[in-house]
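# Results of the structural survey
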Amino acid sequence: MSETEASVGAEAGPDGLLRCAWGLQAESMADYRAYHDHEWGRPVHGDDALYERLSLEAFQSGLSWITVLRRREGFRAAFAGFRIKAVAEFTDEDVRRLLADPGIIRNRSKITAVIHNATVAAELAEGELDELIWSYAPDHADRPAPRTAQEVPPITPESTALARDLKKRGFRFVGPTTAYALMQACGLVNDHLADCHVRRAGQGG
């Protein structure tokens, strides 16, 4: 992101509604706009649902989010709907299957990390992963609405602490940046810009 792009506030889309600029990227506007308007920043709860988001954020590491977003149904099919207990039982044969699946990102280290994370999550009590992740949600009252993308941090003390906690428990591919992307996507924080229509409607976390 250039300095100019980062300093831009919410922008009007074809429908005249103001949005965070990333939701209007021309080459993938329809996909990004739907994700921005209806998913990003909305509270997500449930162990399996949060495990899915954590897994997708891990696959996104080093890539653009649209690369993952357009393969999401492929990921769900390949990883048993991201049901923790099912993925925790994946074997070496499943790894070979996944490495040959064109519907996902075929990165061995990420694939094995996602399977490993399922085995870790499966050891937690029901609801514990949800409780763990949401325990790091900051007080929204202490976070003024960002007016430009430049005001949105890549990491925060909370995401650093969450990443540290997850790693201590054995999770992989969960650095502070990935943890903060998870917090943004799942509504632990609301990083929709001040003039974005989603934030103005009182949605997005």
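Nothing here was measured: the structure is a model prediction, and the numbers come from that model. For every chain, the first residue of the written sequence is number 1, and numbering continues from 1 along that sequence. Predicted model: local features are reported for residues with pLDDT of at least 70 only, side-chain atom pairs are reported and counted for 80 or more only, and whole-chain, interface and lining totals are derived from all residues. To get the side-chain values, take all heavy atoms of the structure and skip hydrogens and water.

## Digging into the UniProt feature "binding site: Zn(2+)" (unreviewed entry) in the protein chain
UniProt positions are given in the numbering used here, feature names are shortened, and annotations may be inferred rather than shown by experiment. Cross-referencing UniProt, the feature "binding site: Zn(2+)" (unreviewed entry) maps to Cys 20, His 36, His 192 and Cys 196 in the present numbering. A stretch of 177 residues holds the annotated residues, and the largest C-alpha distance among them is 10.2 Å, short enough that they meet in one place. Categorising residues by exposure relies on relative accessible area from a 1.4 Å probe, with only protein chains included: less than 20% of the type maximum marks a residue as buried, more than 50% marks it as exposed, and the intermediate range marks it as partly exposed. Note on Cys 20: relative accessible area 2%, which makes it buried. It only takes one pair of heavy atoms within 4.5 Å for two residues to be counted as in contact. Beyond its immediate chain neighbours, meaning those up to four positions away, Cys 20 contacts His 36, Asp 191, His 192, Leu 193 and Cys 196. Residue placement: Cys 196 occurs in the loop between helix 11 (176-185) and helix 12 (197-200). The exposure class of Cys 196 is buried, given its relative accessible area of 0%. Sequence-distant contacts of Cys 196, that is, excluding residues within four places in its chain, are made with Ala 10, Leu 18, Arg 19, Cys 20 and His 36. Only runs of H or I of at least four residues qualify as helices and only runs of E of at least two qualify as strands under DSSP, and these elements are numbered from the N terminus.

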